[in-house]
Amino acid sequence: MVKLTEDQFDLYTYKNTGKSISVRSFTWTNQSNVSVQVITYGATITSMKIPDKNGAIKDVVGGGSTIKEYQKAEVYFGATVGRVANRIGNGQFKLFDQIINVSKNLGKHQLHGGFVGFDKVIWEYYVSGNKVTMSYHSADLEEGFPGDVVVHATFELTENNEFLVEYKATTTKPTYVNMTNHSYFNLAGHDAGASELYKHVVCINADQITEVDADSIPTGKLLPVANTVFDLQVPKVLGDVITKVPKSDGFDHNFCVNKGPEQGTTFIARVYHPDSGRMLEVYSNQPGVQFYTSNFFPENPKTCKGDKSKLASLVGKGASYYKHGALCLETQNWPDAPNHDNFPKSILVPGETYYHNVAYKFSVKN
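Residues numbered from 1 in each chain as written. Predicted model: local features only at pLDDT ≥ 70, side-chain atom pairs only at ≥ 80, totals over all residues. Heavy atoms only, no water.

Side note on the pairing of strand S11 (residues 124–128)
Part 1 of the argument: Pairing geometry for S11 and strand S12 (residues 131–138), over five bridges, is antiparallel. Each bridged residue has a counterpart across the sheet, and for Tyr 125 the counterpart in S12 is Met 134. (Pairing = 2+ DSSP bridges. Helix = DSSP H or I, 4+ residues; strand = E, 2+ residues; numbered from the N terminus.)

Structure (structure tokens):
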């Protein structure tokens with residue numbers, strides 16, 4: 001049997017009123033000693049504790065111990081990201097014949113929903129058996145997006161060591177929705193750092209990526225991965241390829257998943273850490289996955305060759321996180337989709353339901 005418990009994670013204080021509210025945590029544990037915790041702040045996955053081939057249990061996702069750590073980090077640790085994940089070029093998009101302007105929190109562009117996206121709000125919750133559904137009402141014109149949008153995120157751990165997430169959204173006006181989960185994985189342990197991440201063997205089921213400009217905004221062109229560093233269809237040791245990504249300190253690219261137009265949930269990616277034996281497989285119904293290797297995390301002072309006095313700190317769960325210390329597999333529609341006619345449909349209209357599922361399947365290989 002999977003056991004589900006509820007507790008208080010921390011208090012969240014509203015800046016405008018000074019009122020505090022309890023942030024609830026939900027923790028699943030199964031008979032394989034796999035446990036996952038999700039909190040109502042940002043519908044955020046705060047921990048995934050997984051046994052290795054010897055039975056030793058470690059938390060394999062980055063995060064915080066307090067709400068203040070999440071607020072200070074600003075890296076979307078484990079959060080449900082929306083209304084629109086990834087980037088919107090020039091903070092605007094085409095909605096039929098209308099140009100919609102949204103908030104710009106990344107220079108002249110928008111990233112991950114704007115200044116106050118889904119990751120920075122308190123979600124309502126409902127428990128049914130071993131499922132927890134968290135809900136949020138995104139008001140019309142929030143961060144510039146049209147339509148009142150109601151979002152539900154449902155979480156569940158199974159006895160098969162699968163953590164299942166489903167996102168659903170409806171709207172009162174035509175709008176743009178593209179959600180994801182932003183967990184940072186290191187299968188050696190959330191605090192194991194770059195040296196262990198480089199040992200991970202990565203496979204991604206994609207034969208193309210979306211080309212991007214200097215600001216990581218898609219140009220609309222699709223690039224074949226064959227004979228490039230982006231060809232991860234055959235598993236690669238991350239340390240062998242991460243330094244070879246052109247014009248980048250690592251991977252931060254949308255991979256176009258190999259799937260038929262009518263195909264539903266399919267295999268997205270596999271990550272394996274040989275020393276621990278831990279393996280993660282990701283399945284989803286989404287057409288893309290953003291593979292990101294924490295390129296913008298602070299430099300590790302032990303390996304930094306420049307001025308160490310200006311090094312930033314990124315702290316959570318008693319650990320310091322540094323560049324290349326974790327990887328993300330953000331299942332999603334392709335970034336900036338409304339601005340490119342050749343990208344998958346991204347507009348949500350009244351009467352339709354946005355639906356996104358993703359499964360994180362853990363196993364151990366001896």
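Notes on empty space enclosed by the protein
Part 1 of the argument: Within this structure, the stated rule accounts for two cavities of 30 Å³ or more.
Part 2 of the argument: For the largest cavity, the calculated volume is near 60 Å³.
Part 3 of the argument: Listing elements by their share of the lining of the largest cavity, those giving two or more residues are strand S18 (206–212) and strand S21 (252–257).
Part 4 of the argument: Top element by residues in the lining of the largest cavity is S21. It accounts for three residues.
Part 5 of the argument: Taken together, the residues that form the lining of the largest cavity break down as three nonpolar, six polar and two charged.
Part 6 of the argument: Within this model, the second largest cavity holds a volume of roughly 40 Å³. (1 Å grid on protein atoms, 1.4 Å probe; cavity = no way out; pocket = protein on both sides within 12 Å on 5 of 7 lines; lining within 4 Å. Points joined across faces, edges and corners; volume = space filled by probe spheres on them. Nonpolar A, V, L, I, M, F, W, Y, C, P; charged D, E, K, R; others polar.)

Brief notes about the pattern of salt bridges
Part 1 of the argument: Tallying each qualifying case throughout the model produces 11 salt bridges.
Part 2 of the argument: Linking Lys 323 and Glu 299 is a salt bridge whose minimum nitrogen-to-oxygen distance equals 3.6 Å. With a gap of 24 residues between them, Lys 323 in the loop between strand S26 (319–320) and strand S27 (328–332) and Glu 299 in the loop between strand S24 (288–292) and strand S25 (315–316) connect regions that are remote in the sequence.
Part 3 of the argument: Taking the relative accessible area as the measure of exposure, Glu 299 reaches 34% and is therefore partly exposed.
Part 4 of the argument: Here the salt bridges do not stand alone but share partners, grouping Glu 196, Lys 199 and Asp 275 into one network. (Salt bridge = Lys/Arg side-chain N within 4 Å of Asp/Glu carboxyl O. Buried < 20%, exposed > 50% of the residue type's maximum accessible area, 1.4 Å probe, protein only.)

Concerning the side chain of His 112
Part 1 of the argument: Relative to the elements of secondary structure, His 112 occurs in the loop between strand S10 (110–111) and S11.
Part 2 of the argument: One polar contact links the side chain of His 112 to the main-chain amide nitrogen of Asn 86, over a distance of 2.8 Å.
Part 3 of the argument: Within the local environment of His 112, its side chain forms a polar contact with the side chain of His 182, the two groups lying 3.4 Å apart.
Part 4 of the argument: Apart from residues lying up to four places away in sequence, His 112 is in contact with Tyr 76, Val 81, Gly 82, Val 84, Ala 85, Asn 86, Gly 117, Asp 119, His 182 and Glu 330. (Polar contact = N/O pair within 3.5 Å; in protein donor to acceptor, adjacent residues only side chain to side chain. Contact = heavy atoms within 4.5 Å.)

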